[in-house]
Amino acid sequence: MDGERDLVDFAVEYARQKGASYAEARFERQEPEQFTLKNGTLDALYVGADRGIGVRVLAHGSLGFAATNALTRVDVKAIVDDAVKIAKASRRKTPITFAQEEPITTDWSVPEKTKLADVTIEEKIQEIQGVDKAIMELGFKIPVRFFQLADNRITKYFANSEGSKIGSYSPRLRVTYFLTVVNGADSEQTHRDYGWSGGWEGVREWGLTNRVTEEAKSMQRSLTEGKKSPEGKMDIVVSPMVSGIAAHESCGHPTEADRVLGREASQAGKSFIGPDDLGMKVGSEVVNVCDDPTVEHAIAYYVTDDEGVRARRRYMYKEGRVNEFLQNRETAAAFSTRSNGASRAVNYNVEAIVRMANTFVEPKDHSLEELLEGVHFGVYMKSFMEWNIDDKRYNAKYAGREAYLVENGEIKHPVRQTIIELTTPTFWSAVDAVGKDLDFEGGFCGKSDPSQPLDASLGGPSMRLRNVYLR
């Protein structure tokens, strides 16, 4: 990609000549493959390729951005002219500044034991057809079986006027599925998502066939043995999947610095956390919620973000208190701090904004059995099917899919439609013990308008919550 690197370097140098006080350019090439298998039949297949360059400049205290997929010097020069013109025309009352960062020169890549490019689309379809066949052999009535496999190979080169020059290669793999199991006039539905950074070996690491068949078995059991979930105040033990959605929605989103500053208010929403609320108590002392792009093989793995800042683990909630916001260089300057490498874009043709990566509850040392032992009467929620949360990320609801009654520390029969409905501080304050069984599911982080869905991981260990209201 020497030609593309030359164009990026040219864009940065030309922007400086045009009067930009700061300039960055990002080449990105994406090579996605995706197919859908519906009830055993191939329903859709997409193989694509996209590449281009985006340029962002800071001039006269304002930002300008422009992008092109025409990779010639003439076209790159034109987008630099546009970006500088946009910035100079903005005439902001409050000039934008960037937090200071040292330049980085590096090339990083995610290893692939079996390269995604070396596996044919026919082999990928055959793999998912095998999973579909396995659940049909269970003999259950499963009228809706929807599988989607998507992979993408993302190559980038970033340079800025401070001297950073960063190349990267990130292969990503994702499987999403929906199932509906029917028994008589009743039905049970599920949706799961698994993500991986790396090669085709990710399918084996997931143990996909076993996970899907076990899910189908639990759905059938809920239909045939499930009883109404108990209501009222009681203890609940939640699984890594439930911990993950709570971490993402009620910690990750409200600690995005642009939300905290109100800049997403008319788009993705606000935050119940204010700019001066670092240190505010939102949970018990055993609660640590992190976002870490450097978790190996998590689908949102990266070493440097799309502003060329080195990634690190961020503790948004630490010992039950708001500890840190997710920052890009612009918001970091507004908070008089440093960026923590949370700036990402979905492709070359949009600006990078503050985003989560792999968000999870930090594990501690309890086994699941130890968490359950402490429950006299309550519920073990192993998965969820539905969630809702308001645009300040304060009032939330999580509706269980697979759940069980717990009596005197023992798991009893399945219970159906367990609903946790409470505020974010109430949820995290009720946590009195955290497990060690850290696990992740794939997901998408939605933000901005038009929406920019971006790869994310949601995870955590099992947790025990005391005396929360279930309905």
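Residues numbered from 1 in each chain as written. Predicted model: local features only at pLDDT ≥ 70, side-chain atom pairs only at ≥ 80, totals over all residues. Heavy atoms only, no water.

Attention now moves to the overall build of the protein. Each helix and strand counted, the protein has 10 helices and 26 strands in total. Its C-alpha atoms give the protein a radius of gyration of 24 Å, within 12% of the compact-globule value 23 Å for 471 residues. Projecting the C-alpha coordinates of the protein onto the three principal axes gives extents of approximately 70 × 55 × 35 Å. A buried classification covers 59% of the 471 residues belonging to the protein. The long-range share in the protein, meaning contacts at least 24 apart out of those at least 6 apart in sequence, stands at 74%. (Helix = DSSP H or I, 4+ residues; strand = E, 2+ residues; numbered from the N terminus. Rg over C-alpha atoms; globule rule 2.2 N^0.38 Å. Buried < 20%, exposed > 50% of the residue type's maximum accessible area, 1.4 Å probe, protein only. Contact = heavy atoms within 4.5 Å.)

Attention now goes to empty space enclosed by the protein. With the rule as written, the count across this model stands at 1 cavity of 30 Å³ or more. Taken as a whole, the largest cavity holds about 60 Å³ of empty space. Lining the largest cavity we find Glu 24, Ala 25, Arg 26, Gly 54, Val 55, Arg 56, Phe 65, Phe 158, Glu 351 and Ala 352. Residue assignment for the lining of the largest cavity shows that the elements contributing at least two residues are strand S1 (22–38) and strand S3 (50–59). Tallied by class, residues from the lining of the largest cavity come to 5 nonpolar, 1 polar and 4 charged. (1 Å grid on protein atoms, 1.4 Å probe; cavity = no way out; pocket = protein on both sides within 12 Å on 5 of 7 lines; lining within 4 Å. Points joined across faces, edges and corners; volume = space filled by probe spheres on them. Nonpolar A, V, L, I, M, F, W, Y, C, P; charged D, E, K, R; others polar.)

Further remarks concern the pairing of strand S6 (residues 141–160). In terms of residue burial, S6 counts as a mostly covered element, since 15 of its 20 residues are buried. Alignment of S1 against S6, held across 15 bridges, turns out to be antiparallel. Following the sheet pairing, Arg 29 is matched in S6 by Thr 155. Taken together, the 17 bridges between S6 and strand S7 (residues 165–183) define a ladder with antiparallel strand orientation. (Pairing = 2+ DSSP bridges.)

In this model, the largest pocket occupies a volume close to 790 Å³. Taken together, 41 residues line the largest pocket, and the ones lying closest to its centre are Gln 30, Asn 152, Ile 154, Val 346 and Asp 455. The element best represented in the lining of the largest pocket is S6, accounting for 9 residues. Broken down by class, the residue content of the lining of the largest pocket amounts to 19 nonpolar, 10 polar and 12 charged.

Attention shifts here to the side chain of Ser 383. Among the secondary structure elements, Ser 383 is positioned in the loop between strand S17 (377–381) and strand S18 (384–389). Since its relative accessible area comes to 1%, Ser 383 is described here as buried. If we skip the residues at most four places from it in the chain, Ser 383 touches Arg 192, Ser 239, Met 241, Val 242, Gly 400, Arg 401 and Glu 402.

Here helix H2 (residues 73–90) spans 26 Å end to end across 18 residues, near enough to the 26 Å set by a 1.5 Å rise per residue. Every buried residue of H2 is accounted for by Val 76, Ile 79, Val 80, Ala 83, Val 84 and Ala 87. The buried side chains of H2 occupy one side of the element, clustering within an arc of 135° when seen end-on. Within H2, the exposed residues directed more than 90 degrees away from the buried face are Val 74, Lys 85 and Ala 89. Packing partners of the buried residues in H2 comprise helix H1 (2–17), S3 and strand S4 (62–68). Once H2 ends, the next one or two residues include Arg 91, with phi positive near 50°. (Expected span 1.5 Å × (residues − 1). Arc of directions from axis to C-beta.)

We now examine the packing of aromatic side chains. Inspection of every chain in the model, using the stated rule, returns 13 aromatic pairs. Look at Tyr 22 and Phe 98: their rings are 5.1 Å apart centre to centre, the planes differ by 70°, and that puts the pair in the edge-to-face class. Taken as a pair, Tyr 22 in strand S1 and Phe 98 in the loop between H2 and strand S5 (105–109) lie far apart in primary sequence, 76 residues in all. Each member of the pair, Tyr 22 as well as Phe 98, carries the same accessibility label: buried. Measuring from ring centre to ring centre gives 6.2 Å for Tyr 194 and Trp 206, while their planes differ by 40°; the resulting arrangement is tilted. Remark: Trp 206 occurs in helix H4 (residues 202–206) and Tyr 194 occurs in strand S8 (residues 186–197); sequence separation between them is 12 residues. Like Tyr 194, the residue Trp 206 is buried in the burial classification. (Phe/Tyr/Trp six-rings, centres within 6.5 Å; stacked < 30°, edge-to-face > 60°.)

On their own, these measurements won't tell you what the molecule is for.
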